[in-house]
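In case you want the letters, here they are:
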Amino acid sequence: MKDIRNIVILTGAGISAESGLATFRGPEGLWEGHRVEDVATPEAFVRDPALVQKFYDERRANLRLVEPNGAHRALARLDSEWPGDLLIVTQNVDDLHERAGAKRVLHMHGELKSAWCLACDGRIPWVGTLSEGQACTDCGVAGRLRPDIVWFGEIPYGMDRIDRALMRADLFVSIGTSGAVYPAAGLVQTARYAGARTLEMNLEPSLGSHFFHESRTGPAGALVPDWVEEVLAG
């Protein structure tokens, strides 16, 4: 690890599943009992905004019932102690990385604890419900807030920043991801093109495992703390 200076880490649903949050696609392609197409597309929001708002209100409320696990805490430790560049890119919309203490975090798919005002285009912190037509705290317009979540058909956040970090990275690590959702699934290829070493840690090999130099299988709560110890030991 002595030649490693800049690190980019991608985390997916697998890391938060160990804290008790459902993975994005569960049995039969459902997310918490709903078809993804009914709760995670702009078209679904136009068709049935009440259903979509209620769904994310429930997900937001569920955050109070879970805590960061050992993998989140290990990455927060790495964030605190690593002297080089570090970027934790997460596909997750929960706040478990931040609650564990991580600072260098980019939510490419948005955040449950944020609302997007379609009237003023502002993003504002939000912890309560959105289903009752609340007013934007920035512009005061009521009934125009939506979950600040990147749905299918929308462009993930921070892609320019992610690409810049990948082009500088010496090491790219993917944790708890399926390798099925793009553009996140393609980050490993960008990292390898830029000359980075690549490591995957997952319960089972992802769809893109063949792109990684090394794969480690097992629960993130066990694998990630051990890996962080390796990195910080040099």
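Looking at an unreviewed UniProt entry, one finds the chain named NAD-dependent protein deacylase and attributed to Sphingosinicella rhizophila. UniProt annotates the chain under Function (unreviewed entry) with the comment "NAD-dependent lysine deacetylase and desuccinylase that specifically removes acetyl and succinyl groups on target proteins. Modulates the activities of several proteins which are inactive in their acylated form." What UniProt states about the chain under its Subcellular location (unreviewed entry) heading is, verbatim, "Cytoplasm".

Asker: Would you mind showing me how to read the nonpolar core here?
Answerer: In a soluble, globular protein the nonpolar side chains are often hidden away together inside. Judged by nonpolar contacts, the single largest core of 25 residues is most densely connected at Ile9, Leu75, Ile175, Val224 and Trp227. Where this core is concerned, the elements lending two or more residues are strand S1 (7-11), helix H5 (70-81), strand S4 (86-90), strand S9 (171-175), strand S10 (197-202) and helix H9 (220-233). In terms of residue count, H9 provides more of this core than any other element does, 6 residues in total. When near neighbours in sequence (up to four residues on either side) are disregarded, Ile9 contacts Leu75, Leu78, Leu86, Leu87, Ile88, Val89, Val173, Ile175 and Trp227. With 18 residues, the next largest nonpolar core counts Val8, Leu87, Met108 and Ala191 among its residues.

Asker: Just to check I follow, could you spell out the sheet that holds strand S6 (residues 110-117) for this structure?
Answerer: Pairing between the strands of a sheet is mediated by backbone hydrogen bonds and can be parallel or antiparallel. As summarised here, the arrangement of the 3 strands in space is S7-S6-S8, forming an open sheet in which the pairing is antiparallel. Strands at the two margins of the open sheet, each flanked by one partner only, are strand S7 (123-125) and strand S8 (145-149). With direction set aside, neighbouring strand axes in the sheet form an average angle of 45°. Summarising the sheet, S6 and S8 pair through 4 bridges and their orientation is antiparallel. Its bridge partner being in S8, Trp116 is matched across the sheet by Arg146.

Asker: Could you clarify how one ought to interpret the packing of aromatic side chains in this entry?
Answerer: Centre-to-centre distance and the angle between the planes together describe a pair of aromatic rings. Per the stated rule, a full pass over the model turns up 4 aromatic pairs. For the ring pair Tyr56 and Trp151, a centre distance of 6.1 Å and an interplane angle of 40° mean the geometry is tilted. Placement of the pair is Tyr56 in helix H4 (residues 49-62) and Trp151 in the loop between S8 and helix H7 (159-168), with a sequence separation of 95 residues. Each member of the pair Tyr56 and Trp151 is classed as buried. Residues Phe172 and Phe212 carry aromatic rings whose centres are separated by 6.3 Å and whose planes lie at 20° to one another, so their mutual orientation is stacked.

Parameters at a glance
- Residues numbered from 1 in each chain as written.
- Predicted model: local features only at pLDDT ≥ 70, side-chain atom pairs only at ≥ 80, totals over all residues.
- Heavy atoms only, no water.
- UniProt positions renumbered as here; feature names shortened; annotations may be inferred.
- Core = buried A, V, L, I, M, F, W, Y, C linked by side-chain atoms within 4.5 Å.
- Buried < 20%, exposed > 50% of the residue type's maximum accessible area, 1.4 Å probe, protein only.
- Helix = DSSP H or I, 4+ residues; strand = E, 2+ residues; numbered from the N terminus.
- Contact = heavy atoms within 4.5 Å.
- Pairing = 2+ DSSP bridges.
- Axes fitted to C-alpha atoms, helices over the stretch in contact; angles between N-to-C directions.
- Phe/Tyr/Trp six-rings, centres within 6.5 Å; stacked < 30°, edge-to-face > 60°.

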